[in-house]
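# Descriptive structure summary
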Amino acid sequence: MAAGAGGKAGRLQVRKAARGGWTPAKRAAFLEHLAATCNIAASARAVGMAPRGAHALKARDAVFAADWARAIEAAYETLEVRLLAYALGDAEGEAEAEADGDAEAELRGAHFDPRVAVQALGFRKRGGAAVGSGAGTLCKRVSLAELEAVLVARLDALDAQAAAVTGDA
C-alpha cells in the first residue's frame, strides 16, 4: 500500500482537524516562544497545548520538525549573544531592556545565570541534545536498495573485525 493511501480500494483517507489542535497560528506562536526560550514545555503551555502534543506533531510533520530545529538553533544563538554581552559587561543594558517590558526579554525571563548558560552551550557543543536521543534530527529517506547496501557493508565490516580477533582470516 502506498504511503498516504488507505481505506477501501486504496482511497485516501481524510480526517477532520481536531478541535483546538495545532492551528497554523498556534504553531507559529509555539515556534516563536521556543526560539526565545528554548523551553519546549513552557512554549507548548504558552499556546494552550501539552508538551507531549508538540513532540507528537514534530514526529509526524517534517516541516514542523525542521522549523523546531531552527527555533532551537536560534535560541542557542540568542544564549550565546547574551553570554557574550554578560562577559563584556553589558548585563546592565539587558536588565534595563527587561525592566522596560521588551517582549523578547520578557519571554527569556529576567533571571540569567551565566554558569547555566555555559553548561548548556557546552552540552550542545559536545553533541548533546536537550530534546533527547536524536530528536530534532532530520533523516534522509533512502531506497531499500541503499539501506541494504549500507547494512551489508556494516555486517561485512563486523565479520572482518570478528575474524581478525579470532584469527580466522
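This one's a predicted model, so the numbers in the text were calculated from it and none came from an experiment.

Moving on: helix H3 (residues 51–60). The complete set of buried residues in H3 reads Ala54, Leu57 and Lys58. One face of H3 carries all of its buried residues, which in axial projection span an arc of 100°. Pointing more than 90 degrees away from the buried face of H3 are the exposed residues Arg52, Ala59 and Arg60. Residues of H3 that are buried make contact with helix H1 (24–37), helix H2 (40–46) and helix H4 (62–87).

You can see Arg115 is positioned in helix H7 (residues 114–125). Residue Arg115 is classed as exposed on the basis of its relative accessible area of 62%. Sequence separation between Arg115 and Leu83 is 32 residues, and the spatial gap between their C-alpha atoms is 9.4 Å.

Membership of the largest hydrophobic core comes to 20 residues, with the highest contact counts inside it found for Trp22, Phe30, Leu34 and Trp68. Those elements that place two or more of their residues in this core are H1, H2, H3, H4 and H7. The leading source of residues in this core is H4, at seven residues.

What follows covers unusual backbone geometry. With phi around 60°, Cys38 is a residue other than glycine that occupies positive phi space. You can see Cys38 is positioned in the loop between H1 and H2.

Summed over the entire model, instances satisfying the criterion amount to five aromatic pairs. Taken together, a centroid distance of 5.4 Å and an interplanar angle of 85° make the contact between Trp22 and Phe30 edge-to-face. With a centroid separation of 5.4 Å and 50° between ring planes, the pair formed by Phe30 and Trp68 is classed as tilted. Of the two residues, Phe30 sits in helix H1 while Trp68 sits in helix H4, which places them 38 residues apart along the sequence. Judged by relative accessible area, Phe30 falls into the buried class, the value being 0%. Joined through ring pairs, the aromatic side chains of Trp22, Phe30, Phe64 and Trp68 make up one cluster. A cation over an aromatic ring shows up here: Lys58 above the ring of Trp68, its NZ or CZ 4.6 Å from the ring centre.

Cut-off values and rules
Residues numbered from 1 in each chain as written. Predicted model: local features only at pLDDT ≥ 70, side-chain atom pairs only at ≥ 80, totals over all residues. Heavy atoms only, no water. Buried < 20%, exposed > 50% of the residue type's maximum accessible area, 1.4 Å probe, protein only. Helix = DSSP H or I, 4+ residues; strand = E, 2+ residues; numbered from the N terminus. Arc of directions from axis to C-beta. Contact = heavy atoms within 4.5 Å. Core = buried A, V, L, I, M, F, W, Y, C linked by side-chain atoms within 4.5 Å. Phe/Tyr/Trp six-rings, centres within 6.5 Å; stacked < 30°, edge-to-face > 60°. Lys NZ or Arg CZ within 6 Å of the ring centre and 35° of its normal.

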